[in-house]
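Okay, here's what each chain looks like letter by letter:
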Amino acid sequence: MAQLATTGNPHPHYAVILTVVPGDHLDGYREMCQHLVAKAKTQPGFLGVEMAESEISVIVSYW
């Protein structure tokens, strides 16, 4: 199981949830996800991220 994100911030924050049902053409899919997460980490207010993959992919970012 992936490590859960710890915000270290007792104040209210937001969770942005992205769910994806991957299709048959997955070329570049993982690279795109890595790029999106790397970009999010550079944005003001970013607190953490969690990801899970199965039949669907779920990415939760905390702000």
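For the structure itself, consult the block above.
Notes on the structure in this doc start here. (Residues numbered from 1 in each chain as written. Predicted model: local features only at pLDDT ≥ 70, side-chain atom pairs only at ≥ 80, totals over all residues. Heavy atoms only, no water.)

### Description of the overall build of the chain
Thought 1: The helix and strand inventory of the chain stands at 1 helix and 3 strands.
Thought 2: Going from N to C terminus, the chain has its helices and strands arranged as β-α-β-β.
Thought 3: Out of the 63 residues belonging to the chain, those deemed buried represent 19%.
Thought 4: Sequence-distant contacts in the chain: of pairs separated by 6 or more residues, those separated by 24 or more amount to 58%.
Thought 5: Accessible area of the chain: about 5200 Å², with a carbon and sulfur share of 59%. (Helix = DSSP H or I, 4+ residues; strand = E, 2+ residues; numbered from the N terminus. Buried < 20%, exposed > 50% of the residue type's maximum accessible area, 1.4 Å probe, protein only. Contact = heavy atoms within 4.5 Å. Areas by Shrake-Rupley, 256 points an atom, 1.4 Å probe, with all protein chains shown as cover.)

### As for the environment of Arg30
Thought 1: With respect to the helices, strands and loops of the structure, Arg30 is situated in helix α1 (residues 29–41).
Thought 2: A distance of 2.8 Å separates the side chain of Arg30 from the side chain of Glu53, its partner in a polar contact. (Polar contact = N/O pair within 3.5 Å; in protein donor to acceptor, adjacent residues only side chain to side chain.)

### A word on the pattern of salt bridges
Thought 1: Counted under the stated rule, the structure contains 1 salt bridge.
Thought 2: Among the salt bridges present, the one from Arg30 reaches Glu53, with a minimum N-O distance of 2.8 Å. Of the two residues, Arg30 sits in helix α1 while Glu53 sits in strand β2 (residues 48–53), which places them 23 residues apart along the sequence.
Thought 3: Judged by its relative accessible area of 46%, Glu53 is partly exposed. (Salt bridge = Lys/Arg side-chain N within 4 Å of Asp/Glu carboxyl O.)

### Looking at the pairing of strand β3 (residues 57–62)
Thought 1: Within β3, 5 of the 6 residues are buried, which leaves it mostly tucked inside the rest of the structure.
Thought 2: Hairpin connection of β2 to β3: 3 residues between the antiparallel strands. (Pairing = 2+ DSSP bridges.)

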